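What follows is each chain in one-letter form.
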Amino acid sequence: MTNEEIIKAIEEMSVGDLAKLVKALEEKFGVSAAAPVAVAAAPVSGDKKPIEEEKTSFNVVLKEAGDKKLQVIKVVREITNLGLKEAKDLVDKAGAPDAIVKQNAAKEEADQIKAKLEEAGAVVELK
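Below is a summary of the structure that appears in this document. Note that the structure is a prediction, hence the values are computed from the model and not measured.

1. Let's talk about the overall build of the protein chain
Summing up its helical and strand segments, the protein chain has six helices and three strands in all. Sequence-ordered secondary structure for the protein chain, helices as α and strands as β, is α-α-α-β-α-α-β-α-β. For the protein chain, with 127 residues in total, the buried portion stands at 17%. Pairs at least 24 residues apart make up 61% of the contacts formed inside the protein chain by residues separated by at least 6 positions. Per element, the accessible surface of the protein chain, about 9,500 Å² overall, is 56% carbon and sulfur.

2. Quick notes on the packing of helix H4 (residues 69-80) against helix H6 (residues 107-119)
Viewed as axis vectors pointing N to C, H4 and H6 meet at an angle of 155°, and their least axial separation amounts to 8 Å. Taken as axis vectors, H4 and H6 run roughly antiparallel relative to one another. H6 is crossed by H4, and the crossing has right-handed handedness. The residues of H6 that touch H4, namely those facing Val 72, Val 75, Val 76, Glu 78 and Ile 79, are Ile 113, Lys 116 and Leu 117. Across the contact of H4 with H6, the residue classes break down as six nonpolar, no polar and two charged.

3. Quick look at unusual backbone geometry
In the Ramachandran plot, Asn 81 falls in the positive-phi region, its phi being about 60° despite a non-glycine side chain. Within the element layout of this structure, Asn 81 appears in the loop between H4 and helix H5 (84-92). Backbone geometry places Asn 104, a non-glycine residue, at a positive phi of 50°. With respect to the helices, strands and loops of the structure, Asn 104 is situated in strand S2 (residues 100-106). A relative accessible area of 59% places Asn 104 in the exposed class.

4. Considering the sheet that holds strand S1 (residues 57-64)
The strands making up a sheet associate through backbone hydrogen bonding, with each pair oriented either parallel or antiparallel. Overall, antiparallel pairing links the three strands, which are arranged S2-S1-S3 in an open sheet. Of all strands in the sheet, those with a lone pairing partner are S2 and strand S3 (123-126), marking the two edges. The mean inter-strand angle of the sheet, taken between neighbouring strand axes irrespective of direction, is 25°. Of the strand pairs in this sheet, S1 and S3 are connected by four bridges, and their pairing is antiparallel. By the bridge assignment, Glu 64 is partnered in S3 with Val 123. Each of S1, S2 and S3 is contacted by H6, which is oriented at about 150° to S2, the strand it contacts most.

5. Some thoughts on a nonpolar patch on the surface
Nonpolar side chains collect at one region of the surface, where Met 1, Ile 6 and Ile 10 lie side by side and expose about 320 Å² of accessible area between them. Locating Ile 6 in the fold gives a position in helix H1 (residues 3-11).

Procedures and definitions
- Residues numbered from 1 in each chain as written.
- Predicted model: local features only at pLDDT ≥ 70, side-chain atom pairs only at ≥ 80, totals over all residues.
- Heavy atoms only, no water.
- Helix = DSSP H or I, 4+ residues; strand = E, 2+ residues; numbered from the N terminus.
- Buried < 20%, exposed > 50% of the residue type's maximum accessible area, 1.4 Å probe, protein only.
- Contact = heavy atoms within 4.5 Å.
- Areas by Shrake-Rupley, 256 points an atom, 1.4 Å probe, with all protein chains shown as cover.
- Axes fitted to C-alpha atoms, helices over the stretch in contact; angles between N-to-C directions.
- Parallel < 35°, antiparallel > 145°, perpendicular 65-115°, else oblique.
- Left-handed = near helix turned anticlockwise from the far one by under 90°.
- Nonpolar A, V, L, I, M, F, W, Y, C, P; charged D, E, K, R; others polar.
- Pairing = 2+ DSSP bridges.
- Patch = residues over 30% accessible without salt bridge, like charges linked within 9 Å, V, L, I, M, F, W, Y side chains within 5 Å.
- Salt bridge = Lys/Arg side-chain N within 4 Å of Asp/Glu carboxyl O.

Here's what the structure looks like:
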């Protein structure tokens with residue numbers, strides 16, 4: 001079997017099968033793959049800082065209500081299902097760290113919410 005054939009066979013294996021293969025190789029040859037895996041799990045950039053993982057959830061934070069405050073309140077009510085007073089209170093505290101319209105939203109949902117709020121005239125930040 002050539003190297004290319006071995007690599008092709010490994011590429012087609014499931015994660016579970018790969019884990020079994022690694023375990024079998026460790027037992028057969030009396031070695032451990034733990035050290036190389038640990039090094040590979042912590043990639044670093046040129047400035048020696050770990051590369052950050054891509055975020056999967058975001059808080060949608062209202063930074064400014066803008067000139068069309070009433071429109072922003074309507075959008076906040078639509079997104080959050082808050083009552084009129086609660087939505088107004090949230091919009092009034094725009095810029096505060098706790099002016100969170102939605103917590104732990106998926107990237108796509110957070111982008112949609114941000115677009116709706118910005119269309120209404122608000123300034124929004126995803127954290």
